[in-house]
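Residues per chain, in single letters:
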Amino acid sequence: LPALTALGQDLVGAVTAEHVVSRVADALRQLVAPDRLLIVLREPPDPQGQVACADGIADPRADDPLIALTEREGPLLLGANVRERLAAYGITVTDPPGSWIGAPLASTGQLGAVSLGAATPGRFTREALDIVRSVVTQAAVALQNTRLMALVSEGKREWEQTVDAITQGICVVDGSGTIRRANRTF
């Protein structure tokens, strides 16, 4: 609980997706100790996504079948018999983990997914899934906030460029007579 609280407090001030991914990966390593960790982010307009973090994976790919399964089916725990259970979903993996958890990063839309593997069957339990779900829920909110902050910053920059391009002097004055905004001509 203290680690989840610390993560939440840290993510409140996150301004970049890189910071969010770094803190989430650290939290997952601390809380569930996976042997394999893959975090894929989907940023519009790139529906293919990008590998944001990969540990213990020889060839990390954004189109990883376990990531696709996670995004399609939601949070999943395969505690044992992973190869057989994946086959039931129509997925064949050459080197399946002994135990696996997948959780989507979703807020108002699909932001990506997290895939965690352990070499030992039965290593991941329902409790581990609950912890991962808590972490990715906080991560999704933080990622959505970083995207919204980027949109606001871009809108502000565009507004300032537009106003500065006007050849007449423009200024915004508050009720006490203090100039709050002005273009370059002013």
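Up top is the structure.
Bear in mind the structure is a predicted one, so any value in this text is a computation, not a measurement.

> With reference to specific residues and values, describe the side chain of serine 99.
Of note, serine 99 is situated in strand S4 (residues 99-106). Relative accessible area serves as the criterion here: at 0%, serine 99 is assigned to the buried category. The residues touching serine 99, leaving out its near neighbours within four places in the chain, are Leu78, Gly79, Val82, Leu116, Gly117, Ala118, Thr120, Pro121, Gly122, Arg123 and Phe124.

> Kindly report on the layout of surface pockets, identifying the contributing residues and their values.
Of the pockets and cavities examined, the largest pocket occupies roughly 430 Å³. Along the walls of the largest pocket sit 19 residues, with Arg36, Ile57, Asp64, Val93 and Asp95 positioned nearest its centre.

> Before we move on, can you summarise empty space enclosed by the protein with the specific residues and values?
Tallying each qualifying case throughout the model produces 1 cavity of 30 Å³ or more. Roughly 40 Å³ of volume is contained in the largest cavity. Around the largest cavity sit Val20, Val21, Val24, Ile39, Leu41, Leu105, Val114, Ala139 and Leu143, which together line it. The dominant element in the lining of the largest cavity, judged by the number of residues it contributes, is helix H2 (residues 17-32), at 3 residues. Residue classes in the lining of the largest cavity are distributed as 9 nonpolar, no polar and no charged.

> Quick one: what's the story with H2, residue by residue and with numbers?
With 16 residues, H2 extends 22 Å from end C-alpha to end C-alpha; this agrees with the ideal 22 Å at 1.5 Å per step. By the burial criterion, the buried members of H2 are Ala17, Val20, Val21, Val24, Ala25, Ala27, Leu28 and Val32. Projected down its long axis, H2 carries its buried residues within an arc of 165°, all on one side. Summarising the geometry of H2, the exposed residues directed more than 90 degrees from the buried face are Glu18 and Gln30. Of the residues flanking the end of H2, it is alanine 33, one or two places downstream, whose phi is positive at about 45°.

> Any details on a nonpolar patch on the surface? Residues and values, ideally.
Judged by side-chain polarity, Val173, Ile179 and Phe186 come together as a nonpolar surface patch covering roughly 290 Å² of accessible area. By the element assignment, isoleucine 179 lies in strand S7 (residues 179-182). A relative accessible area of 46% means that isoleucine 179 is categorised as partly exposed.

> An account of the environment of aspartate 63 is requested, with residue identities and associated values reported.
Looking at the element boundaries, aspartate 63 is found in the loop between strand S2 (46-55) and helix H3 (65-73). For the pair aspartate 63 and isoleucine 166, spaced 103 residues apart in sequence, the C-alpha separation works out to 47 Å. Only 2.7 Å separates the side chain of aspartate 63 from the side chain of arginine 61, close enough to count as a polar contact.

> Outline the pattern of salt bridges, supporting the account with residue identities and numerical values.
All told, the structure shown has 10 salt bridges when counted by the stated rule. Across the pair lysine 156 and glutamate 160 runs a salt bridge, and its minimum N-O distance is 2.6 Å. Linking lysine 156 with glutamate 160, this pair stays in helix H5 (residues 126-165), spanning 4 residues, or about one helical turn. With a relative accessible area of 28%, glutamate 160 lands in the partly exposed category. One connected set of salt bridges, linked through shared partners, spans Asp26, Arg29 and Asp55.

About the criteria used
- Residues numbered from 1 in each chain as written.
- Predicted model: local features only at pLDDT ≥ 70, side-chain atom pairs only at ≥ 80, totals over all residues.
- Heavy atoms only, no water.
- Helix = DSSP H or I, 4+ residues; strand = E, 2+ residues; numbered from the N terminus.
- Buried < 20%, exposed > 50% of the residue type's maximum accessible area, 1.4 Å probe, protein only.
- Contact = heavy atoms within 4.5 Å.
- 1 Å grid on protein atoms, 1.4 Å probe; cavity = no way out; pocket = protein on both sides within 12 Å on 5 of 7 lines; lining within 4 Å.
- Points joined across faces, edges and corners; volume = space filled by probe spheres on them.
- Nonpolar A, V, L, I, M, F, W, Y, C, P; charged D, E, K, R; others polar.
- Expected span 1.5 Å × (residues − 1).
- Arc of directions from axis to C-beta.
- Patch = residues over 30% accessible without salt bridge, like charges linked within 9 Å, V, L, I, M, F, W, Y side chains within 5 Å.
- Areas by Shrake-Rupley, 256 points an atom, 1.4 Å probe, with all protein chains shown as cover.
- Salt bridge = Lys/Arg side-chain N within 4 Å of Asp/Glu carboxyl O.
- Polar contact = N/O pair within 3.5 Å; in protein donor to acceptor, adjacent residues only side chain to side chain.

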